[in-house]
Amino acid sequence: MVDEATPTYEDGDASVDERVADLLDRMTLAEKTGQLTGVFSSDARADPYGSHTLKDLESLVRERRIGWVTPFATGFSTHNSPAVVPRIANRLQRIAREETRLGIPLLVPVDAVHGHANVAGATVFPHNLGMAATWNPALVRRAARVTATEMRATGATVNYSPNADVAREPRWGRTYETYGEAPHLVGELAAAEIDGLQGGMDDAGLGGSNSVAATVKHFPAYSAPQRGEDAAPNDVSMSTLRRVFVPPFERAIDAGAAAVMPSYSSVDGEPIHGSRRFLTDLLREELGFEGLVLSDWHGVAFLYSQHRTTPSLKAAVDQATRAGLDVASIGGREYADLLVDSVEAGTISETRLDESVRRVLELKFRLGLFDDPYVDPSNGRDVVGRSAHRDLSLTSARESLVLLQNDDVLPFGDETEELLVTGPNADSLDTLCGGWTVAGLSRNHGTTVRDGLETVTDTETTVSFEPGASISSATDIDAAADAAAAADAAVVVLGENWYVHEFGPESMTGTNDEFPTRSQLELPAAQTRLLERVAETGTPTVAVVVAGRPLAIRPESRLADAVLMGFYPGYEGGRAIADILVGEANPSGRLPISIPKSVGHLPTVHDYCPSPRPLGDDNHPPAYDPLFTFGHGLSYTDFEYESLTCSDDRLDPADDLTVTATVSNRGSRTGTEVVQLFVRDVVSSRVTPVRELTGFERLSIAPGERNRATFTLTPSDLGIIRSDGTSVVEPGRFEAMSGGLSADFTVTE
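Note that this is a predicted model, so its numbers are computed, not measured.

K.L.:
What am I meant to see in the overall build of the protein chain here?
P.N.:
Secondary structure assignment for the protein chain yields 24 helices and 25 strands. Taken over C-alpha atoms, the radius of gyration comes to 26 Å for the protein chain, in line with the 27 Å a tight globule of 749 residues would show. Overall, the protein chain is about 80 × 65 × 50 Å in size when its C-alpha atoms are taken along their principal axes. Across the 749 residues in the protein chain, those meeting the buried criterion constitute 62%. The contacts of the protein chain with a sequence gap of at least 6 include a subset with a gap of at least 24, amounting to 76%. Roughly 26800 Å² of accessible area belongs to the protein chain as shown, and the carbon and sulfur atoms make up 44% of that amount. Placing the 64 positive and 109 negative side-chain charges of the protein chain at their respective mean positions leaves the two points 4 Å apart.

Encoded structure:
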C-alpha cells in the first residue's frame with residue numbers, strides 16, 4: 001500500500017499518464033527546462049567542441065536539474081571500462097534521485113550504433129552497411145537485443161540508433177552507418193533494429209529491464225550531401241525526398257521508435273533543426289510521430305553558427321523549439337537558461353514547453369527509471385562481451401561478407417601449405433571495427449585476419465605475415481612479394497582505417513589530405529602496388545577489402561583472383577574472413593550498395609530514373625554501369641532461378657498481389673541465396689525508377705533441392721509519388737523481376 005504522503009508520480013500502481021501529469025504540475029520552470037537538455041563527458045579529442053568532466057556533470061545534475069547525461073563517448077574515452085561505467089551511471093542517478101527536489105532520474109544516451117562499442121570489451125557487430133549485406137532482419141533484431149542488454153548493464157537507456165538514412169553518396173564519411181542504398185532494405189532493417197532495442201512496445205514499459213529507447217536518425221534526409229561533405233545541403237526534389245528518403249522513417253515510426261533525431265543538413269533551404277515544415281507538419285502531423293525529437297549533437301547551435309538562419313544562440317533556441325524540437329542533446333546549462341529566458345519573455349509559451357517535458361517524463365516512466373534507475377555494477381563485466389554475444393557477432397560477421405569475384409581459387413584447399421597474409425588491414429583490430437568503437441584496444445578483444453587464418457588453418461599449413469604497406473604508404477613491398485613467391489596462396493588485406501564523420505579524428509587517420517578522404521574512392525597507390533607485386537608472382541591471390549564505403553576497386557579486381565568485401569565486420573571479423581577463405585562458411589552476403597567503377601561514374605544507384613538519349617545509345621555510357629551491382633554476391637554453390645510467377649495477371653488498384661520465386665541449388669554444398677524482388681512501372685504519368693526493391697528473403701537450400709520465396713506486393717509498393725507527397729496506383733502494366741526472370745501483371749482502371 002502506498003503511503004498517503006507519497007506523491008502520485010512516485011506511486012508505481014498509478015498509470016503513466018497520471019504520474020506524468022502529477023509530476024509536471026509540481027515542476028518549476030527551471031526544472032522543466034533542465035529536462036530538455038543534456039550534457040556529456042569524454043576525452044576532448046573525440047569532440048572538437050570539448051566536453052565536461054565528471055565533476056561538472058554531477059554539479060549540473062545537482063544544481064541545474066539536467067535530465068540527460070552521457071558519461072562516456074566514442075573513440076578515446078578514459079573511463080569506458082564495463083566495471084567503471086555502471087558505477088558512474090549509478091553515481092549520477094543517485095544525485096538526480098536523492099539530491100534534487102523532485103528526484104527525477106536521468107536518461108543516459110549513447111551512440112551504440114554497432115553494439116555497445118564505446119565500452120571496452122563490448123560485443124561489436126559489423127557496422128550497419130555490413131549488417132545490411134546479410135539481408136537478414138532477424139539477425140539485425142538479435143544483434144540489437146544484445147546491444148540493448150549490454151547497454152542496460154552499464155546504465156545506458158537511450159540509443160542514438162538506428163540510422164535510417166538511404167546512402168546515395170558513397171563519398172560521404174558516414175556511409176558505413178547506413179543500411180545501404182535501397183529504401184525498402186533500409187526501412188526493414190531499421191524496423192528490425194528498433195524491435196530488438198526496445199523489445200516490443202507496451203503500456204508497462206519498453207519491453208523490460210533489458211530494453212532501451214531507440215532513436216531513428218537523421219530525419220528526413222542526410223545521406224546525399226553535396227560534394228559528399230558531411231552535413232552539407234541535401235539538395236533533393238520533394239518527390240525524391242518522399243520516394244527515397246522518407247519511407248524508411250515511416251517504417252521506423254510504424255515500428256514504434258521512441259525518438260527521432262533531425263539531420264544537421266538543410267533541405268529545400270531549411271535547416272531541419274529549425275524547420276517546422278519538417279519537424280511538425282511532416283513528422284508529427286503527416287507521419288503521426290508522437291515520441292521525442294532529439295537534436296543531433298550541436299544541431300541547435302549550428303542554426304546560429306553555421307546555417308546562419310538566426311542572429312543569436314537564443315534565437316536559435318527559439319527557432320528549434322517552435323519548429324518542434326524537444327531536447328537539445330548536449331545543450332547544457334546555457335540552453336536550459338535560454339529556454340527559461342524565452343518563456344519569461346513570452347517568445348516561447350510554457351504550454352509549448354510542457355509538451356516536450358511531458359514526452360521526456362513519459363519515456364522515463366516507461367523505461368522504469370522512477371522505480372529503479374540503478375544497475376548492479378558487478379553485472380557489467382559479466383554481461384558486456386559475454387561469449388554468447390560474441391558468438392552472435394561472429395555469425396553476423398560471416399553473413400556480412402560479400403564474395404565479389406572468384407576465379408576458382410576459393411575456398412583454399414588442403415594443397416595450401418604455405419599461406420601469406422599481407423596488407424595494411426591484415427593485422428589490425430581497429431580497422432576491422434571502424435568508427436564509433438573504442439580505439440587502440442589490445443588484441444585479446446578480438447581477432448585480426450592474421451589471427452583468424454592462424455586459428456582456422458590446419459597444422460599442415462604455415463601462415464606467414466608481412467605488412468607490405470600501411471594505409472597510404474609502402475613499408476616493405478619487396479618482402480611481401482618475396483614471401484608471396486614462396487607461398488601457395490596470398491591474402492592481401494586492403495582498405496580504409498578507423499574514422500568517424502569527415503574521416504576523423506586526426507590522431508587515427510592523419511591529416512585531411514591523407515586517405516581516406518571524400519575526394520578519393522580509389523585505394524592509395526601503395527596498396528594497389530602491393531597487390532600488383534604479389535599478383536605478379538603468379539601465386540593465387542585473394543584481395544580482402546575492409547572499408548566503410550563501396551570503394552572504386554577496378555584495378556584491384558583485375559589484379560586479384562578473388563575479391564572478398566567486408567564493411568567493417570567487427571571484433572570477430574578476422575575469424576569470419578578466415579572461415580570464408582578456407583570454406584568453413586559458405587559466403588551469403590549480398591551488396592546493399594552499388595560499387596562504382598570510379599568517382600566519375602557517380603551517382604551509381606540501381607533504382608535510377610531513365611532519361612532521354614538525344615545522340616543515341618552508342619554515344620552514351622550506360623546510366624547504371626557499376627563495377628559490382630546492388631544485390632551482387634557469390635556463393636561456393638550454384639543457384640538457378642527456375643520460375644517467377646504472379647498470383648494474378650490483372651488486379652484492382654487496391655488489391656494485393658502474391659509473387660513467388662522458385663530457386664534450386666545445382667551445386668555440391670548447402671548455401672543461402674538472397675532472393676530479391678524488384679518492380680517496374682512500365683508506363684506512368686511521372687518518371688519512375690527502372691526498378692525498385694520491394695521485397696527480399698533468405699533461402700537456405702541443400703544440394704539438389706529447391707525452395708520458394710513468396711512476396712506480397714501491396715498498393716504502396718506500386719504507387720507513384722507526387723510532389724505533394726501523396727501516392728497513387730495508376731492503371732497499366734507492371735513488371736516483377738528476380739534472379740534474371742520477369743513476370744508481367746496489369747493494374748486495371
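On we go from here.
K.L.:
Would you explain helix H8 (residues 238-245) in this entry?
P.N.:
Extensive coverage of H8 is indicated by the burial of 6 of its 8 residues. For H8, the complete set of buried residues consists of Ser239, Leu241, Arg242, Arg243, Val244 and Phe245.

K.L.:
Honestly, the nonpolar core in this entry has me stumped. Any pointers?
P.N.:
A general trend in soluble globular proteins is that nonpolar side chains are found buried together. Core analysis: the biggest nonpolar cluster contains 116 residues, and Leu23, Phe219 and Leu361 have the highest contact counts within it. Beyond its immediate stretch of four places on either side in the chain, Leu23 contacts Tyr9, Leu102, Ile104, Leu361, Phe365 and Phe370. Counting residues in each nonpolar core, the second largest holds 48 residues, with Tyr176, Ala426, Cys433 and Val542 among its members.

K.L.:
Looking at this model, I keep getting lost on the side chain of Lys364. Mind explaining?
P.N.:
Along the chain, Lys364 falls in helix H14 (residues 350-366). Notably, Lys364 is buried but unbridged: the nearest opposite-charge side chain belongs to Glu31, and the N-O separation is 12 Å. Ignoring any residue separated from it by four or fewer positions in sequence, one finds Lys364 in contact with Gln35, Gly67, Ile104, Pro105, Leu106, Leu107, Leu369 and Phe370.

K.L.:
Just checking my understanding: could you explain the packing of helix H12 (residues 313-323) against helix H13 (residues 332-345) for this structure?
P.N.:
Two numbers describe how H12 lies on H13: the axes approach to 10 Å, and their chain directions differ by 75 degrees. Here H12 lies roughly perpendicular to H13, going by the angle between them. Contacts from Leu313, Lys314, Val317, Asp318 and Thr321 of H12 reach H13 at Glu334, Tyr335, Leu338, Leu339, Asp341 and Ser342. Taken together, the residues of the contact of H12 with H13 sort by class into 5 nonpolar, 2 polar and 4 charged.

K.L.:
Where do I start with the sheet that holds strand S20 (residues 692-701) in this structure?
P.N.:
Strands belonging to one sheet form pairs held by backbone hydrogen bonds; the direction of such a pair is parallel or antiparallel. One open sheet accounts for 5 strands, arranged S17-S25-S24-S19-S20; its pairing is mixed. The open sheet is flanked by strand S17 (650-651) and S20, the only strands paired with a single partner. Here S17 pairs with strand S25 (residues 741-747) via 2 bridges, running parallel. Along S25, the bridge assignment pairs Leu651 with Val747.

K.L.:
Looking at this structure, how should I read the sheet that holds strand S15 (residues 562-566)?
P.N.:
Sheet architecture is open: 6 strands sit in the order S10-S15-S14-S13-S11-S12, paired in mixed fashion. One side of each edge strand has no neighbouring strand; the edge strands of this open sheet are strand S10 (402-406) and strand S12 (462-466). Strand-to-strand, the axes of this sheet are offset by a mean angle of 20 degrees, without reference to chain direction. Relative to S12, strand S11 (residues 418-422) runs parallel, the two being bridged by 5 bridges. Paired with Glu418 across the two strands is Thr462, which belongs to S12. Helix H18 (residues 449-456) rests against S11, S12 and strand S13 (489-495) of the sheet, and its axis sits at about 165 degrees to S11.

K.L.:
Is there a simple way to think about the environment of Leu24 in this case?
P.N.:
Tracing the chain through its elements places Leu24 in helix H1 (residues 16-26). In this structure Leu24 comes out as buried when scored by relative accessible area, which is 8%. Spatially, the C-alpha atom of Leu24 lies 7.7 Å from that of Val357, the residues being 333 residues apart in sequence.

K.L.:
Sorry, what's going on with a negative patch on the surface here?
P.N.:
Together, Asp414, Glu415, Glu417, Glu418, Asp458, Glu460 and Asp488 make up a negatively charged patch on the protein surface. With respect to the helices and strands, the residue Glu460 is situated in the loop between H18 and S12.

K.L.:
Whenever I open this one, the side chain of Glu730 confuses me. Can you help?
P.N.:
Tracing the backbone through its elements, the reader meets Glu730 in the loop between strand S23 (727-728) and strand S24 (732-738). Buried within the structure, Glu730 lacks any salt-bridge partner; Arg722 is the closest side chain of opposite charge, at an N-O distance of 6.3 Å. At 2.3 Å, the side chain of Glu730 and the side chain of Ser685 are in polar contact. When near neighbours in sequence (up to four residues on either side) are disregarded, Glu730 contacts Ser684, Ser685, Ile720 and Val747.

K.L.:
Sorry, what's going on with the pairing of strand S18 (residues 657-665) here?
P.N.:
Here S18 lies mainly inside the structure; 8 of its 9 residues are buried. Both strand S16 (residues 639-646) and S18 contribute to a ladder of 7 bridges, which runs antiparallel. Of the residues in S18, the one forming a bridge with Glu640 is Ser664. Direction of pairing for S18 relative to strand S21 (residues 706-713): antiparallel, over a ladder of 8 bridges. From the neighbouring strand, Ser664 faces S21, where its bridge partner is Arg706.

K.L.:
Honestly, the pattern of salt bridges in this entry has me stumped. Any pointers?
P.N.:
A side chain of one charge can pair with a side chain of the opposite charge if their charged atoms are brought near each other. Going through the model one piece at a time under the given rule, you end up with 44 salt bridges. Glu177 serves as the salt-bridge partner of Arg174, at 2.8 Å between the closest nitrogen and oxygen. The two residues Arg174 and Glu177 agree in class, both being buried. The partner of Lys597 in a salt bridge is Asp625, and the shortest N-O contact between them spans 2.9 Å. In this pair, Lys597 is assigned in the loop between helix H23 (573-582) and S16 and Asp625 in the loop between H23 and S16, connecting sequence segments 28 residues apart. A relative accessible area of 23% places Asp625 in the partly exposed class.

K.L.:
Would you explain H13 in this entry?
P.N.:
Each turn of an α-helix holds 3.6 residues, which means side chains three or four residues apart point in the same direction. Taking 1.5 Å per residue, 14 residues should reach 20 Å; H13 reaches 20 Å between its end C-alpha atoms and fits that length. Gly332, Tyr335, Ala336, Leu338, Leu339, Val340, Ser342 and Val343 are the residues of H13 that are buried. Of the surrounding elements, those touching the buried residues of H13 are helix H2 (29-34), strand S1 (38-40), helix H3 (54-64), helix H11 (299-305), H12 and H14. Gly346, located one to two residues past H13, shows a positive phi value of around 85 degrees.

Thresholds, definitions, all that
Residues numbered from 1 in each chain as written. Predicted model: local features only at pLDDT ≥ 70, side-chain atom pairs only at ≥ 80, totals over all residues. Heavy atoms only, no water. Helix = DSSP H or I, 4+ residues; strand = E, 2+ residues; numbered from the N terminus. Rg over C-alpha atoms; globule rule 2.2 N^0.38 Å. Buried < 20%, exposed > 50% of the residue type's maximum accessible area, 1.4 Å probe, protein only. Contact = heavy atoms within 4.5 Å. Areas by Shrake-Rupley, 256 points an atom, 1.4 Å probe, with all protein chains shown as cover. Lys, Arg positive; Asp, Glu negative; His and termini not counted. Charge placed at Lys NZ, Arg CZ, Asp CG, Glu CD. Core = buried A, V, L, I, M, F, W, Y, C linked by side-chain atoms within 4.5 Å. Salt bridge = Lys/Arg side-chain N within 4 Å of Asp/Glu carboxyl O. Axes fitted to C-alpha atoms, helices over the stretch in contact; angles between N-to-C directions. Parallel < 35°, antiparallel > 145°, perpendicular 65-115°, else oblique. Nonpolar A, V, L, I, M, F, W, Y, C, P; charged D, E, K, R; others polar. Pairing = 2+ DSSP bridges. Patch = residues over 30% accessible without salt bridge, like charges linked within 9 Å, V, L, I, M, F, W, Y side chains within 5 Å. Polar contact = N/O pair within 3.5 Å; in protein donor to acceptor, adjacent residues only side chain to side chain. Expected span 1.5 Å × (residues − 1).

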